[in-house]
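The chain contents come next:
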Amino acid sequence: MLQFNQYFPDDQIVVSLIRQLSWTHFIALIPIEDHLKREFYIEMCRMEKWSVRTLRSRIDSMLYERTALSRKPEELIDIEIKNIQKSGIVEPNLVLKDPYILDFLGLKDHYLEKDLEDAILRELELFLLELGTGFAFIERQKRIVIDAEDFYIDLLFYNRKLNRLIAIELKIGEFKAEYKGQMELYLRWLNKYEKQQNEESPLGIILCTGKKSEQVELLELDKSGIHVAEYLTVLPEKQIIQKKLQEAIEISRRKYEHQTL
């Protein structure tokens with residue numbers, strides 16, 4: 001109760017939250033010492049109406065640390081969370097993750113891109129849960145024709161919260177610079193021929209087994225609406241992934257600080 005009073009001192013906020021969260025939700029939230037991380041989970045519970053079981057599962061999977069939002073300086077995270085509280089509008093930073101945990105696919109050491117795609121379609125419900133809020137599956141191997149040449153988008157989704165199409169490309173191995181041009185072509189085609197009135201511009205997610213951060217940074221993929229993320233088909237020990245995520249967060253925040261100097 002002392003911790004509850006310390007973390008939730010504003011009576012008006014408490015009154016508002018208890019209409020949507022149970023006491024058991026608060027018990028799961030209280031051990032989170034980082035106030036921004038705690039606010040993130042509170043907003044997700046409020047918007048997505050998470051059960052206590054779902055909340056605990058998301059905390060255990062380190063959802064916050066895997067979002068693009070967590071890689072920003074604390075001041076910007078605070079601003080974005082407050083904007084969500086006021087408007088209820090979800091931005092891509094809240095939805096996009098890195099890495100994606102795909103241990104439920106049952107893939108081992110050696111597999112092809114087709115094996116990965118087939119496994120995702122077999123476990124589509126679990127894949128949608130890992131992608132996050134608002135995703136709906138549209139099509140696999142979406143055929144597009146440009147200059148009488150056929151191209152195929154591995155997986156096409158729509159996100160209701162972001163109000164836009166999401167193209168996903170699956171890659172075996174590390175990210176390569178040439179993937180940017182491929183995804184840009186797909187996104188521009190989708191923007192021209194598939195985007196509906198009042199929809200936002202499509203986004204692309206390139207899933208790889210590895211990536212080099214400086215290469216991704218120099219390519220300025222964010223400006224093209226492209227998110228590169230690693231995926232894990234085998235879940236490492238929690239301490240290992242926790243350390244890796246913390247290092248990634250610190251590196252990203254230092255880059256933001258350097259850009260503002």
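Scroll up a little and you will see the structure.
Residues numbered from 1 in each chain as written. Predicted model: local features only at pLDDT ≥ 70, side-chain atom pairs only at ≥ 80, totals over all residues. Heavy atoms only, no water.

(A) Up close: the packing of aromatic side chains. Applying the stated criterion across every chain yields a total of eight aromatic pairs. Between the aromatic rings of phenylalanine 40 and tyrosine 41, the centroid separation amounts to 5.1 Å while the plane-to-plane angle is 75 degrees, which identifies the pairing as edge-to-face. A centroid spacing of 5.5 Å and a plane angle of 65 degrees characterise the contact between phenylalanine 137 and phenylalanine 157, whose relative ring orientation is edge-to-face. A residue pair is termed long-range when its members are at least 10 positions apart, and phenylalanine 137 in strand β2 (residues 135–146) and phenylalanine 157 in strand β3 (residues 149–159) qualify at 20 residues. Among the residues examined, phenylalanine 137 registers a relative accessible area of 29% and is labelled partly exposed. Each residue in the set Phe127, Phe135, Phe137 and Phe157 is aromatic and connected to the rest through ring pairs, giving one cluster. If you follow arginine 58 out to its NZ or CZ, it ends over the ring of tryptophan 50, 5.5 Å from the centre. (Phe/Tyr/Trp six-rings, centres within 6.5 Å; stacked < 30°, edge-to-face > 60°. Helix = DSSP H or I, 4+ residues; strand = E, 2+ residues; numbered from the N terminus. Buried < 20%, exposed > 50% of the residue type's maximum accessible area, 1.4 Å probe, protein only. Lys NZ or Arg CZ within 6 Å of the ring centre and 35° of its normal.)

(B) Structural view of the pairing of β3. Counting buried positions along β3 gives eight out of eleven residues, so the element sits mostly inside the fold. Where β2 meets β3, ten bridges bridge the pair, whose relative direction is antiparallel. Note that in β3 the partner of phenylalanine 135 across the bridge is asparagine 159. What sits between β2 and β3 in their antiparallel hairpin is a turn of two residues, with aspartate 147 showing a positive phi close to 55 degrees. Note: β3 against strand β4 (residues 164–170), five bridges, orientation antiparallel. Each bridged residue has a counterpart across the sheet, and for phenylalanine 157 the counterpart in β4 is isoleucine 166. Taken together, β3 and the strand that follows it, β4, pair antiparallel across an intervening segment of four residues, in which asparagine 163 is found at a positive phi of about 55 degrees. (Pairing = 2+ DSSP bridges.)

(C) A look at the sheet that holds β3. If you trace the six strands from one edge of the open sheet to the other, you get β1-β6-β5-β4-β3-β2, paired in mixed fashion. Looking at strand neighbours, the two that pair on one side only are β1 (100–101) and β2, the edges of this open sheet.

(D) Main features of the environment of histidine 227. Turning to its location among the elements, histidine 227 is positioned in strand β6 (residues 226–232). When the C-alpha atoms of histidine 227 and glutamine 242 are compared, they prove to be 21 Å apart, with 15 residues separating the residues in sequence. Non-local contacts of histidine 227, meaning those with residues more than four positions away in its chain, are made with Leu96, Lys97, Asp98, Tyr100, Gly204, Ile205 and Ile206. There is a polar contact of 2.7 Å between the side chain of histidine 227 and the backbone oxygen of lysine 97. (Contact = heavy atoms within 4.5 Å. Polar contact = N/O pair within 3.5 Å; in protein donor to acceptor, adjacent residues only side chain to side chain.)

(E) Focus on a nonpolar patch on the surface. On the surface, Met1, Trp23 and Ile27 cluster together into a nonpolar patch covering about 360 Å² of accessible area. Looking at the element boundaries, tryptophan 23 is found in helix α3 (residues 23–29). Residue classification places tryptophan 23 among the partly exposed residues on the basis of a relative accessible area of 43%. (Patch = residues over 30% accessible without salt bridge, like charges linked within 9 Å, V, L, I, M, F, W, Y side chains within 5 Å. Areas by Shrake-Rupley, 256 points an atom, 1.4 Å probe, with all protein chains shown as cover. Salt bridge = Lys/Arg side-chain N within 4 Å of Asp/Glu carboxyl O.)

(F) Here's a closer look at helix α10 (residues 124–131). Of all the positions in α10, only Leu124, Phe127, Glu130 and Leu131 are classed as buried. Buried residues of α10 fall within an arc of 120 degrees about the axis and therefore sit on the same side. Phi turns positive one or two residues past the end of α10, at glycine 132, with a value near 115 degrees. (Arc of directions from axis to C-beta.)

(G) Broad picture of helix α4 (residues 35–48). For α4, built from 14 residues, the straight-helix expectation of 20 Å at 1.5 Å per residue is met to within 8% by its first-to-last C-alpha distance of 20 Å. With respect to burial, α4 is a largely interior element, ten of its 14 residues being buried. Among all positions in α4, only Leu36, Lys37, Arg38, Phe40, Tyr41, Ile42, Glu43, Met44, Cys45 and Met47 are buried. Its side-chain oxygen placed 2.9 Å from the backbone nitrogen of leucine 36, aspartate 34 serves as the N-cap of α4. (Expected span 1.5 Å × (residues − 1).)

(H) Expanded view of unusual backbone geometry. Across the junction of aspartate 98 and proline 99, the peptide omega takes the value 0 degrees, indicating a cis bond. In this fold, proline 99 is placed in the loop between α8 (92–95) and β1. Backbone geometry at asparagine 163 places phi at a positive 55 degrees, although glycine is not the residue there. Considering the arrangement of structural elements, one finds asparagine 163 in the loop between β3 and β4.

(I) Fine view of the pattern of salt bridges. The final tally for this structure, using the stated rule, is 17 salt bridges. Taking the shortest distance from any N to any O, the salt bridge between lysine 114 and aspartate 118 comes out at 2.9 Å. Separated by four residues within a single helix, lysine 114 and aspartate 118 lie in helix α9 (residues 113–122), roughly one turn from each other. A relative accessible area of 18% places aspartate 118 in the buried class. Residue glutamate 220 pairs with lysine 223 through a salt bridge whose shortest N-O separation is 3.3 Å. For glutamate 220, a relative accessible area of 41% puts it in the partly exposed group. When salt bridges that share partners are traced, they join Lys114, Glu117, Asp118 and Arg140 into one network.

Remember that the coordinates give geometry; whether it matters functionally is a separate question.
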